[in-house]
Amino acid sequence: MVILGIESSCDETAASLIEISGRKLNPHPRVLSNIVSSQVKIHARYGGVVPEIAARKHAEVIIPVISKILKAKSSKLKAIDVIAVTSGPGLITSLRVGVDAAKTLACVWKKPLVPVNHIEGHIYSNWLTADKKLTIYNLQPTTSINFPALVLVVSGGHTELVLMKDHGKYRIIGQTLDDAAGEAFDKVAKILGLGYPGGPVLSALADRFQVLGFRPQVLLPRPMIESPNYNFSFSGLKTAVLYKFRELEKSCENQPIMKCCGRNISCHHRTGARVLIASLAYEFQNAAVEVLVVKTVRAAKEFKVKTVMLAGGVSANKKLRLTLEKAVSVISGVQYVQPSLEYTTDNAAMIAMAGYFNYIRNPQKFKEGWRNIKVNPNLNITRTVKR
Ligand code: KG4
Ligand code: ZN
(Lines give C-alpha, C1' and ligand atoms only; values in the text may rest on other atoms or scores of the structure.)
(Ligands and ions follow the chains in the order given, each with its own letter.)
Protein backbone atom coordinates (compact mmCIF):
# COMPACT_ATOMS: atom_id res chain seq x y z
CA MET A 1 0.00 0.00 0.00
CA VAL A 2 1.30 3.45 -0.91
CA ILE A 3 0.25 6.44 1.18
CA LEU A 4 0.67 10.13 0.41
CA GLY A 5 0.96 12.21 3.59
CA ILE A 6 0.41 15.98 3.72
CA GLU A 7 1.21 18.26 6.68
CA SER A 8 0.72 22.04 7.05
CA SER A 9 -0.43 22.59 10.65
CA CYS A 10 2.13 25.25 11.61
CA ASP A 11 5.12 26.63 9.71
CA GLU A 12 6.27 23.58 7.76
CA THR A 13 4.75 22.54 4.44
CA ALA A 14 5.47 18.86 4.07
CA ALA A 15 4.59 15.93 1.84
CA SER A 16 5.76 12.34 1.89
CA LEU A 17 5.16 9.02 0.18
CA ILE A 18 5.49 5.85 2.21
CA GLU A 19 5.10 2.24 1.12
CA ILE A 20 3.75 -0.32 3.56
CA SER A 21 4.58 -4.00 3.29
CA GLY A 22 4.68 -6.86 5.77
CA ARG A 23 1.94 -7.79 8.19
CA LYS A 24 -1.10 -5.56 8.63
CA LEU A 25 -0.51 -4.71 12.29
CA ASN A 26 3.23 -5.17 12.21
CA PRO A 27 4.06 -3.41 8.95
CA HIS A 28 7.40 -2.56 7.39
CA PRO A 29 7.15 1.02 6.23
CA ARG A 30 9.55 2.41 3.66
CA VAL A 31 9.78 6.14 3.22
CA LEU A 32 9.99 6.65 -0.56
CA SER A 33 10.21 10.42 -0.47
CA ASN A 34 9.92 13.06 2.20
CA ILE A 35 10.06 16.82 1.69
CA VAL A 36 9.76 19.53 4.33
CA SER A 37 9.67 23.15 3.23
CA SER A 38 10.34 25.19 6.35
CA GLN A 39 9.31 28.82 6.89
CA VAL A 40 11.50 29.16 9.94
CA LYS A 41 13.74 31.86 8.45
CA ILE A 42 10.72 34.00 7.58
CA HIS A 43 9.21 33.83 11.09
CA ALA A 44 12.59 34.28 12.81
CA ARG A 45 12.37 37.99 11.95
CA TYR A 46 9.25 38.26 14.13
CA GLY A 47 10.48 36.00 16.94
CA GLY A 48 7.58 33.56 16.43
CA VAL A 49 5.12 32.17 13.89
CA VAL A 50 2.86 34.80 12.27
CA PRO A 51 -0.31 32.88 11.26
CA GLU A 52 -1.26 35.06 8.28
CA ILE A 53 2.24 34.83 6.78
CA ALA A 54 2.36 31.08 7.48
CA ALA A 55 -0.88 30.43 5.60
CA ARG A 56 0.19 32.52 2.60
CA LYS A 57 3.52 30.71 2.40
CA HIS A 58 1.80 27.29 2.63
CA ALA A 59 -0.49 28.27 -0.25
CA GLU A 60 2.55 29.30 -2.29
CA VAL A 61 4.57 26.11 -1.83
CA ILE A 62 2.09 23.28 -1.29
CA ILE A 63 1.65 22.36 -4.96
CA PRO A 64 5.40 22.53 -5.76
CA VAL A 65 6.12 20.36 -2.68
CA ILE A 66 3.51 17.72 -3.60
CA SER A 67 4.53 17.74 -7.24
CA LYS A 68 8.18 17.19 -6.26
CA ILE A 69 7.12 14.24 -4.09
CA LEU A 70 5.19 12.68 -6.94
CA LYS A 71 8.14 13.10 -9.31
CA ALA A 72 10.41 11.40 -6.81
CA LYS A 73 8.10 8.38 -6.82
CA SER A 74 9.87 5.25 -8.01
CA SER A 75 8.78 4.17 -11.51
CA LYS A 76 8.18 0.66 -10.18
CA LEU A 77 5.39 1.95 -7.99
CA LYS A 78 1.73 1.53 -8.68
CA ALA A 79 -0.67 4.39 -7.94
CA ILE A 80 -1.16 5.99 -4.56
CA ASP A 81 -3.75 4.05 -2.54
CA VAL A 82 -4.59 6.43 0.28
CA ILE A 83 -4.09 10.12 1.11
CA ALA A 84 -3.58 11.20 4.73
CA VAL A 85 -3.62 14.83 5.87
CA THR A 86 -3.29 16.69 9.16
CA SER A 87 -6.72 18.09 10.09
CA GLY A 88 -5.74 19.53 13.51
CA PRO A 89 -4.62 20.74 15.97
CA GLY A 90 -2.76 23.76 14.61
CA LEU A 91 -3.27 27.13 12.98
CA ILE A 92 -6.63 27.11 11.24
CA THR A 93 -5.55 28.94 8.09
CA SER A 94 -2.42 26.81 7.76
CA LEU A 95 -4.36 23.57 8.25
CA ARG A 96 -6.87 24.66 5.59
CA VAL A 97 -4.20 24.83 2.89
CA GLY A 98 -3.05 21.21 3.40
CA VAL A 99 -6.58 19.89 3.80
CA ASP A 100 -7.86 21.67 0.68
CA ALA A 101 -4.95 20.33 -1.39
CA ALA A 102 -5.59 16.79 -0.07
CA LYS A 103 -9.33 17.07 -0.68
CA THR A 104 -8.77 18.14 -4.29
CA LEU A 105 -6.39 15.24 -4.98
CA ALA A 106 -8.69 12.71 -3.27
CA CYS A 107 -11.71 13.93 -5.23
CA VAL A 108 -9.95 13.99 -8.61
CA TRP A 109 -8.06 10.71 -8.11
CA LYS A 110 -11.05 9.05 -6.36
CA LYS A 111 -8.87 7.96 -3.44
CA PRO A 112 -9.71 7.52 0.25
CA LEU A 113 -8.81 10.53 2.39
CA VAL A 114 -7.86 10.00 6.05
CA PRO A 115 -7.75 12.94 8.49
CA VAL A 116 -4.89 12.67 10.99
CA ASN A 117 -4.39 14.36 14.35
CA HIS A 118 -0.98 16.07 14.28
CA ILE A 119 -0.07 14.71 17.73
CA GLU A 120 -1.08 11.22 16.65
CA GLY A 121 1.27 11.74 13.70
CA HIS A 122 4.14 12.54 16.08
CA ILE A 123 3.36 9.38 18.06
CA TYR A 124 3.44 7.29 14.89
CA SER A 125 6.85 8.66 13.91
CA ASN A 126 8.01 5.86 16.22
CA TRP A 127 6.68 3.28 13.75
CA LEU A 128 8.50 4.78 10.79
CA THR A 129 12.00 3.76 11.62
CA ALA A 130 12.53 3.40 15.31
CA ASP A 131 16.00 4.67 16.16
CA LYS A 132 18.48 1.99 15.12
CA LYS A 133 21.21 3.54 17.23
CA LEU A 134 19.61 2.50 20.50
CA THR A 135 22.53 0.45 21.69
CA ILE A 136 24.10 2.66 24.31
CA TYR A 137 22.19 1.15 27.20
CA ASN A 138 21.92 -2.33 25.69
CA LEU A 139 18.44 -1.82 24.35
CA GLN A 140 17.75 -3.52 21.06
CA PRO A 141 16.15 -1.79 18.11
CA THR A 142 12.48 -2.69 18.09
CA THR A 143 10.62 -4.28 15.24
CA SER A 144 7.24 -4.31 16.97
CA ILE A 145 5.81 -2.00 19.58
CA ASN A 146 3.94 -3.68 22.40
CA PHE A 147 0.89 -2.24 24.17
CA PRO A 148 0.05 -0.77 26.59
CA ALA A 149 2.49 1.96 25.75
CA LEU A 150 3.26 5.31 27.32
CA VAL A 151 4.22 8.22 25.06
CA LEU A 152 5.94 11.38 26.25
CA VAL A 153 4.75 13.95 23.70
CA VAL A 154 6.92 17.08 23.76
CA SER A 155 6.44 19.64 21.00
CA GLY A 156 6.16 23.39 20.52
CA GLY A 157 2.46 23.37 21.39
CA HIS A 158 1.96 20.24 23.48
CA THR A 159 3.45 18.42 26.45
CA GLU A 160 1.48 15.34 27.38
CA LEU A 161 1.88 11.88 28.80
CA VAL A 162 -0.33 9.69 26.65
CA LEU A 163 -1.31 6.18 27.62
CA MET A 164 -1.87 4.15 24.49
CA LYS A 165 -3.79 0.93 25.04
CA ASP A 166 -3.85 0.01 21.37
CA HIS A 167 -3.70 1.67 17.97
CA GLY A 168 -5.94 4.75 18.07
CA LYS A 169 -6.78 4.38 21.78
CA TYR A 170 -5.39 7.23 23.78
CA ARG A 171 -5.77 8.56 27.29
CA ILE A 172 -3.97 11.70 28.42
CA ILE A 173 -2.80 10.99 31.97
CA GLY A 174 -0.94 14.28 32.41
CA GLN A 175 -0.13 17.49 30.57
CA THR A 176 1.44 20.89 30.96
CA LEU A 177 -0.57 23.40 32.94
CA ASP A 178 1.04 26.33 31.12
CA ASP A 179 3.86 26.41 28.53
CA ALA A 180 4.69 23.39 26.38
CA ALA A 181 8.25 22.08 26.72
CA GLY A 182 9.27 23.31 23.23
CA GLU A 183 7.69 26.68 23.91
CA ALA A 184 9.73 26.95 27.13
CA PHE A 185 12.96 26.08 25.28
CA ASP A 186 12.12 28.76 22.69
CA LYS A 187 11.23 31.42 25.29
CA VAL A 188 14.33 30.76 27.40
CA ALA A 189 16.50 30.93 24.28
CA LYS A 190 14.92 34.30 23.50
CA ILE A 191 15.70 35.57 27.05
CA LEU A 192 19.31 34.46 26.61
CA GLY A 193 19.53 36.20 23.23
CA LEU A 194 20.01 32.97 21.28
CA GLY A 195 17.47 33.65 18.50
CA TYR A 196 14.46 31.75 17.14
CA PRO A 197 13.54 28.93 17.18
CA GLY A 198 15.67 28.53 20.24
CA GLY A 199 15.28 24.86 21.19
CA PRO A 200 18.07 23.42 19.03
CA VAL A 201 20.44 26.37 19.66
CA LEU A 202 19.92 26.35 23.42
CA SER A 203 20.40 22.62 23.52
CA ALA A 204 23.64 22.79 21.49
CA LEU A 205 24.99 25.49 23.83
CA ALA A 206 24.05 23.46 26.91
CA ASP A 207 25.70 20.33 25.48
CA ARG A 208 28.88 22.25 24.67
CA PHE A 209 28.94 23.62 28.23
CA GLN A 210 28.88 20.05 29.51
CA VAL A 211 31.45 18.73 27.05
CA LEU A 212 33.88 21.53 27.95
CA GLY A 213 33.60 20.44 31.56
CA PHE A 214 32.28 23.71 33.02
CA ARG A 215 30.52 23.57 36.36
CA PRO A 216 27.00 25.05 36.57
CA GLN A 217 26.91 28.40 38.34
CA VAL A 218 23.19 28.51 38.99
CA LEU A 219 20.61 26.08 40.28
CA LEU A 220 17.05 26.16 38.95
CA PRO A 221 13.88 24.59 40.38
CA ARG A 222 12.38 21.30 39.13
CA PRO A 223 8.70 22.36 38.95
CA MET A 224 6.06 19.80 39.99
CA ILE A 225 8.60 16.99 40.15
CA GLU A 226 7.11 15.75 43.44
CA SER A 227 3.45 16.50 42.67
CA PRO A 228 1.22 13.40 42.95
CA ASN A 229 0.05 13.61 39.32
CA TYR A 230 1.53 13.54 35.83
CA ASN A 231 1.14 17.21 35.02
CA PHE A 232 3.98 19.58 34.17
CA SER A 233 4.64 23.30 34.47
CA PHE A 234 7.41 25.14 32.63
CA SER A 235 6.43 28.75 32.93
CA GLY A 236 7.94 29.17 36.45
CA LEU A 237 11.18 27.64 35.24
CA LYS A 238 11.30 30.12 32.38
CA THR A 239 10.69 33.01 34.83
CA ALA A 240 13.45 31.70 37.09
CA VAL A 241 15.84 31.90 34.12
CA LEU A 242 14.64 35.45 33.41
CA TYR A 243 15.37 36.59 36.99
CA LYS A 244 18.81 34.96 37.01
CA PHE A 245 19.57 36.54 33.65
CA ARG A 246 18.55 39.98 34.94
CA GLU A 247 20.85 39.50 37.93
CA LEU A 248 23.64 38.73 35.50
CA GLU A 249 22.87 41.79 33.41
CA LYS A 250 22.92 43.99 36.52
CA SER A 251 26.28 42.62 37.56
CA CYS A 252 27.65 43.30 34.08
CA GLU A 253 29.13 46.77 33.75
CA ASN A 254 28.45 47.09 30.07
CA GLN A 255 25.10 45.70 28.96
CA PRO A 256 25.58 45.89 25.20
CA ILE A 257 28.79 43.92 25.54
CA MET A 258 26.95 41.41 27.71
CA LYS A 259 24.42 40.96 24.90
CA CYS A 260 27.20 40.70 22.34
CA CYS A 261 28.85 38.01 24.43
CA GLY A 262 25.66 35.96 24.38
CA ARG A 263 25.54 35.87 20.61
CA ASN A 264 28.95 36.44 19.17
CA ILE A 265 31.17 33.41 19.54
CA SER A 266 34.24 35.31 18.34
CA CYS A 267 33.90 37.82 21.17
CA HIS A 268 36.53 36.95 23.78
CA HIS A 269 36.64 39.99 25.98
CA ARG A 270 33.76 38.85 28.18
CA THR A 271 34.17 35.10 28.26
CA GLY A 272 32.80 35.12 31.80
CA ALA A 273 29.41 36.45 30.66
CA ARG A 274 29.25 33.90 27.86
CA VAL A 275 29.93 31.10 30.27
CA LEU A 276 27.16 32.34 32.55
CA ILE A 277 24.67 32.31 29.67
CA ALA A 278 25.74 28.79 28.71
CA SER A 279 25.45 27.84 32.37
CA LEU A 280 21.80 29.01 32.41
CA ALA A 281 21.08 27.12 29.18
CA TYR A 282 22.69 23.99 30.65
CA GLU A 283 20.79 24.20 33.93
CA PHE A 284 17.47 24.96 32.22
CA GLN A 285 17.87 21.92 29.95
CA ASN A 286 18.82 19.75 32.94
CA ALA A 287 15.80 20.89 34.95
CA ALA A 288 13.31 20.43 32.07
CA VAL A 289 14.69 17.01 31.12
CA GLU A 290 14.78 15.79 34.72
CA VAL A 291 11.12 16.65 35.34
CA LEU A 292 10.03 15.05 32.05
CA VAL A 293 12.01 11.86 32.65
CA VAL A 294 11.14 11.41 36.35
CA LYS A 295 7.40 11.73 35.67
CA THR A 296 7.50 9.48 32.61
CA VAL A 297 9.32 6.73 34.50
CA ARG A 298 6.91 7.00 37.45
CA ALA A 299 3.92 6.72 35.10
CA ALA A 300 5.48 3.79 33.21
CA LYS A 301 5.77 1.89 36.49
CA GLU A 302 2.31 2.79 37.79
CA PHE A 303 0.52 1.89 34.56
CA LYS A 304 2.70 -1.19 34.03
CA VAL A 305 3.32 -0.38 30.38
CA LYS A 306 5.34 -2.57 28.03
CA THR A 307 6.74 0.27 25.91
CA VAL A 308 7.83 3.85 26.53
CA MET A 309 8.02 6.15 23.50
CA LEU A 310 9.14 9.70 22.87
CA ALA A 311 7.47 12.02 20.32
CA GLY A 312 7.29 15.65 19.14
CA GLY A 313 9.90 18.23 18.14
CA VAL A 314 11.66 18.25 21.53
CA SER A 315 12.35 14.53 21.04
CA ALA A 316 15.27 15.80 18.92
CA ASN A 317 16.91 16.91 22.16
CA LYS A 318 20.01 14.78 22.74
CA LYS A 319 19.97 15.11 26.52
CA LEU A 320 16.31 14.05 26.71
CA ARG A 321 16.85 11.10 24.36
CA LEU A 322 19.83 9.78 26.32
CA THR A 323 18.40 10.40 29.79
CA LEU A 324 15.03 8.80 29.03
CA GLU A 325 16.62 5.83 27.29
CA LYS A 326 18.89 5.25 30.27
CA ALA A 327 16.07 5.61 32.80
CA VAL A 328 13.75 3.22 30.94
CA SER A 329 16.51 0.66 30.38
CA VAL A 330 16.51 -0.18 34.09
CA ILE A 331 12.74 -0.84 34.30
CA SER A 332 12.42 -4.55 33.75
CA GLY A 333 10.23 -5.73 30.90
CA VAL A 334 9.83 -2.28 29.33
CA GLN A 335 11.14 -1.48 25.85
CA TYR A 336 12.11 2.03 24.83
CA VAL A 337 11.46 3.45 21.37
CA GLN A 338 12.26 6.87 19.97
CA PRO A 339 11.93 8.24 16.44
CA SER A 340 14.95 8.70 14.19
CA LEU A 341 16.13 12.32 14.34
CA GLU A 342 14.83 13.09 10.84
CA TYR A 343 11.25 12.36 11.92
CA THR A 344 11.27 14.19 15.26
CA THR A 345 10.13 17.61 14.05
CA ASP A 346 7.13 18.26 11.80
CA ASN A 347 7.05 16.07 8.67
CA ALA A 348 4.48 14.29 6.53
CA ALA A 349 5.91 10.75 6.70
CA MET A 350 4.58 10.49 10.27
CA ILE A 351 1.16 11.69 9.05
CA ALA A 352 1.14 8.98 6.36
CA MET A 353 2.13 6.37 8.98
CA ALA A 354 -0.68 7.39 11.37
CA GLY A 355 -3.03 7.56 8.37
CA TYR A 356 -2.18 3.94 7.53
CA PHE A 357 -3.21 2.65 10.97
CA ASN A 358 -6.40 4.73 10.96
CA TYR A 359 -7.26 3.54 7.47
CA ILE A 360 -6.84 -0.20 8.03
CA ARG A 361 -9.18 -0.08 11.03
CA ASN A 362 -12.11 0.98 8.86
CA PRO A 363 -11.34 1.46 5.14
CA GLN A 364 -15.01 2.00 4.23
CA LYS A 365 -15.22 5.06 6.47
CA PHE A 366 -12.64 6.92 4.37
CA LYS A 367 -13.82 5.90 0.90
CA GLU A 368 -15.15 9.34 0.02
CA GLY A 369 -13.28 11.01 2.87
CA TRP A 370 -12.94 14.33 1.04
CA ARG A 371 -16.69 14.93 1.55
CA ASN A 372 -16.54 14.73 5.35
CA ILE A 373 -13.15 16.04 6.38
CA LYS A 374 -13.22 18.98 8.81
CA VAL A 375 -10.39 21.19 9.98
CA ASN A 376 -10.26 21.49 13.76
CA PRO A 377 -7.55 23.78 15.20
CA ASN A 378 -8.30 22.43 18.71
CA LEU A 379 -8.53 18.76 17.82
CA ASN A 380 -7.92 16.59 20.86
CA ILE A 381 -6.23 13.23 20.53
CA THR A 382 -8.73 11.48 22.79
CA ARG A 383 -11.50 12.51 20.40
CA THR A 384 -9.70 11.37 17.25
CA VAL A 385 -11.20 7.89 17.42
CA LYS A 386 -14.11 6.61 19.45
CA ARG A 387 -12.87 4.63 22.44
O1 KG4 B 1 6.77 19.13 16.86
P2 KG4 B 1 7.39 20.38 16.38
O3 KG4 B 1 8.27 20.31 15.16
O4 KG4 B 1 6.26 21.44 16.08
C5 KG4 B 1 5.08 21.46 16.85
O6 KG4 B 1 4.20 20.61 16.59
O7 KG4 B 1 5.04 22.29 17.78
O8 KG4 B 1 8.19 21.00 17.60
C9 KG4 B 1 8.86 22.21 17.51
C10 KG4 B 1 9.49 22.49 18.85
C11 KG4 B 1 10.08 23.91 18.93
O12 KG4 B 1 9.64 24.50 20.12
C13 KG4 B 1 11.58 23.64 18.93
O14 KG4 B 1 12.32 24.63 19.63
C15 KG4 B 1 11.65 22.31 19.65
O16 KG4 B 1 10.57 21.58 19.12
N17 KG4 B 1 12.92 21.61 19.41
C18 KG4 B 1 13.83 21.37 20.38
C19 KG4 B 1 14.93 20.75 19.74
N20 KG4 B 1 14.63 20.63 18.41
C21 KG4 B 1 13.39 21.17 18.23
N22 KG4 B 1 13.82 21.62 21.70
C23 KG4 B 1 14.88 21.24 22.41
N24 KG4 B 1 15.98 20.65 21.88
C25 KG4 B 1 16.04 20.39 20.56
N26 KG4 B 1 17.11 19.79 20.04
ZN1 ZN C 1 4.57 19.00 15.59
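Asker: Explain the coordination of the zinc ion (ligand 2) to me, please; I cannot follow it from the model alone.
Answerer: Metal coordination angles in their ideal form are 109.5 degrees for the four-donor tetrahedron and 90 or 180 degrees for the six-donor octahedron. Protein-derived ligands of the zinc ion (ligand 2) are His118 (NE2), His122 (NE2) and Asp346 (OD), with the metal-ligand distances lying across 2.0 to 2.1 Å. Mapping the donors of the zinc ion (ligand 2) onto the primary sequence yields the spacing H-x3-H-x223-D. Of this pair, His118 and His122 are both found in helix 4 (residues 118–128), four residues apart, which corresponds to roughly one turn of the helix.

Asker: I tried to follow the site of ligand 1 on my own but got confused; where do I start?
Answerer: Neighbouring ligand 1 are 18 residues, the closest being His122, Gly156, Asp186, Gly313 and Asn317. One of the backbone N or O atoms of Gly313 is found 3.0 Å from an oxygen atom in ligand 1. Within the contact set of ligand 1, an oxygen atom lies 3.1 Å away from a backbone nitrogen or oxygen of Asp346. Contact with the protein chains removes 87% of the 560 Å² of surface that ligand 1 exposes when unbound. Residue assignment for the shell around ligand 1 shows that the elements contributing at least two residues are helix 4, helix 5 (181–191) and helix 6 (198–211). A class-by-class count of the residues in the shell around ligand 1 yields four nonpolar, twelve polar and two charged.

Asker: Quick question: what am I supposed to make of the sheet that holds strand 1 (residues 2–7) here?
Answerer: Two modes of strand pairing occur in sheets, parallel and antiparallel, and in both the strands are linked by backbone hydrogen bonds. Strand order in the open sheet made by the five strands is 3-2-1-4-5, with mixed pairing throughout. With one partner strand each, in any of the chains shown, strand 3 (27–38) and strand 5 (113–117) form the two edges of the open sheet. On average, each strand axis in the sheet is tilted by 25° relative to the strand beside it, whichever way the strands run. Across six bridges, strand 1 lies against strand 2 (residues 12–22) in antiparallel orientation. Pairing of Val2 across the sheet is with Glu19, part of strand 2. Sheet contacts for helix 3 (residues 92–109): strand 1, strand 4 (82–88) and strand 5; angle to strand 4, the most-contacted strand, approximately 155°. Taken strand by strand, helix 11 (residues 349–361) contacts strand 1, strand 2, strand 3, strand 4 and strand 5, and its axis lies near 115° from that of strand 5.

Conventions adopted
Residues numbered from 1 in each chain as written. Chains lettered and ligands numbered in written order. Predicted model: local features only at pLDDT ≥ 70, side-chain atom pairs only at ≥ 80, totals over all residues. Heavy atoms only, no water. Donors = N, O, S within 2.8 Å, 3.2 Å for Na, K, Ca; no water. Helix = DSSP H or I, 4+ residues; strand = E, 2+ residues; numbered from the N terminus. Near = heavy atom within 4 Å. Polar contact = N/O pair within 3.5 Å; in protein donor to acceptor, adjacent residues only side chain to side chain. Areas by Shrake-Rupley, 256 points an atom, 1.4 Å probe, with all protein chains shown as cover. Nonpolar A, V, L, I, M, F, W, Y, C, P; charged D, E, K, R; others polar. Pairing = 2+ DSSP bridges. Axes fitted to C-alpha atoms, helices over the stretch in contact; angles between N-to-C directions. Contact = heavy atoms within 4.5 Å.

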